[in-house]
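Each chain, letter by letter, is given below.
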Amino acid sequence: MLLTEIKNNAATIFPTIVEYRRHLHSNPELSFQEYQTSAFIKSRLDALDISWQPMANTGVVAIIQGEKSSGKTIALRADMDALPITETNNAIYCSQNTGVMHACGHDAHTASLMGVAVILHTLRNQFDGTVKLLFQPGEEKNPGGASYMIRDGVLQNPAPTGIVALHVHPGLDFGKLSFRT
């Protein structure tokens, strides 16, 4: 059953995704300066043999084709920039960039989308259509990286029929999800 495979894959890669999140948290970059973050994402996509292209300077768009690329296209989006905040905790993965911190969860967003990339790539022969993975720069700074990605053609070739974005919600009980249009 596909759901069981997804859950098993997620459990298998969980330690790696935690590593990714901690690496990203330790190396935060401000809006439109996500050069190392972008390079990290590209290197992981290359290792998986997932095609990608740069977008909006530091953004990345990856494509995963299902068994039949003639199906619909959906996009999944994660933001990847940090905030100009000094981290004061003592975690082993504390920010190494003075005055810059992932205080809004974008490290978790990016790591989560990388996990989704691994799972979808592994299961690509079990779904039809195309999934575009949007690693968006500059969410914290106006006019926002989304506008630059749109300008650069992220909604074309192929055009997604829908986009799903996520955001961590620390105030929500464990195991619960909330949705908003």
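Going by the structure above, here's the rest.
These notes cover the structure that comes with them. As the structure is a computational prediction, the values presented were derived from the model and not from experiment.

Cut-offs and rules
- What you see as residue numbers is a count from 1 along each chain, following the sequence as written.
- The model is predicted, so local features are restricted to residues of pLDDT at least 70 and side-chain atom pairs to those at 80 or more, both for listing and for counting; the totals for chains, interfaces and linings are taken over all residues.
- To get the side-chain values, all heavy atoms of the structure are used, and hydrogens and water are removed first.
- For Phe, Tyr and Trp, rings pair up if their centres lie within 6.5 Å, where Trp contributes its six-membered ring, and each pair is then called stacked (planes under 30 degrees apart), edge-to-face (over 60) or tilted (otherwise).
- The helix and strand labels rest on DSSP assignments: H or I over at least four residues marks a helix, E over at least two residues marks a strand, and numbering proceeds from the N terminus.
- Buried means the residue's accessible area, taken with a 1.4 Å probe over protein chains only, is under 20% of the maximum for its type, while exposed means over 50%, and partly exposed covers the values in between.
- What counts as a salt bridge is simple: a side-chain nitrogen of Lys or Arg found within 4 Å of a carboxyl oxygen of Asp or Glu.
- By definition, two strands form a pair when at least two bridges between them are found by DSSP.
- Only the stretch in contact is used when a helix axis is fitted, and all axes are lines through C-alpha atoms; the angle between N-to-C directions ranges over 0 to 180 degrees.
- For this analysis, residues touch if any pair of their heavy atoms sits within 4.5 Å.

### Observations regarding the packing of aromatic side chains
For the structure on display, the rule yields two aromatic pairs. Look at Y20 and F40: their rings are 5.4 Å apart centre to centre, the planes differ by 90°, and that puts the pair in the edge-to-face class. Taken together, the positions of Y20 in helix α1 (residues 2-26) and F40 in helix α2 (residues 35-48) put the pair 20 residues apart, joining distant regions of the chain. Accessibility classification places Y20 together with F40 in one group, the buried group. With 5.5 Å between their ring centres and 80° between their planes, F32 and Y148 make a pair best called edge-to-face. Placement of the pair is F32 in the loop between α1 and α2 and Y148 in helix α4 (residues 145-151), with a sequence separation of 116 residues. Overall, the relative accessible area of 28% leaves Y148 in the partly exposed class.

### Structural notes on the pattern of salt bridges
Enumeration according to the criterion identifies three salt bridges in this entry. Its salt-bridge partner being D107, residue R21 comes within 3.0 Å of it at the nearest N-O pair. Of this pair, R21 sits in helix α1 while D107 sits in helix α3 (residues 106-122), placing them 86 residues apart in sequence. Taking relative accessible area as the criterion, R21 reaches 24% and is therefore assigned partly exposed. Take D107: its relative accessible area is 2%, and that puts it in the buried class. In this structure, D79 engages R77 in a salt bridge whose closest nitrogen and oxygen atoms are separated by 3.4 Å. Residue D79 is classed as buried on the basis of its relative accessible area of 1%.

### Observations concerning the sheet that holds strand β2 (residues 59-65)
By way of backbone hydrogen bonds, the strands of a sheet pair with one another, either parallel or antiparallel. Strand order in this open sheet of five strands is β1-β2-β4-β3-β5, and the pairing throughout is mixed. On the outer flanks of this sheet lie β1 (51-55) and β5 (162-165), each paired with one strand and no other. Pairs of neighbouring strands in the sheet enclose a mean axial angle of 20°, with direction left out of account. Where β1 meets β2, five bridges bridge the pair, whose relative direction is antiparallel. Bridge assignment links M55 to a residue of β2, and that residue is G59. Where α2 meets the sheet, it contacts β1, β2 and β4 (130-136), and its direction lies at approximately 20° from that of β2.

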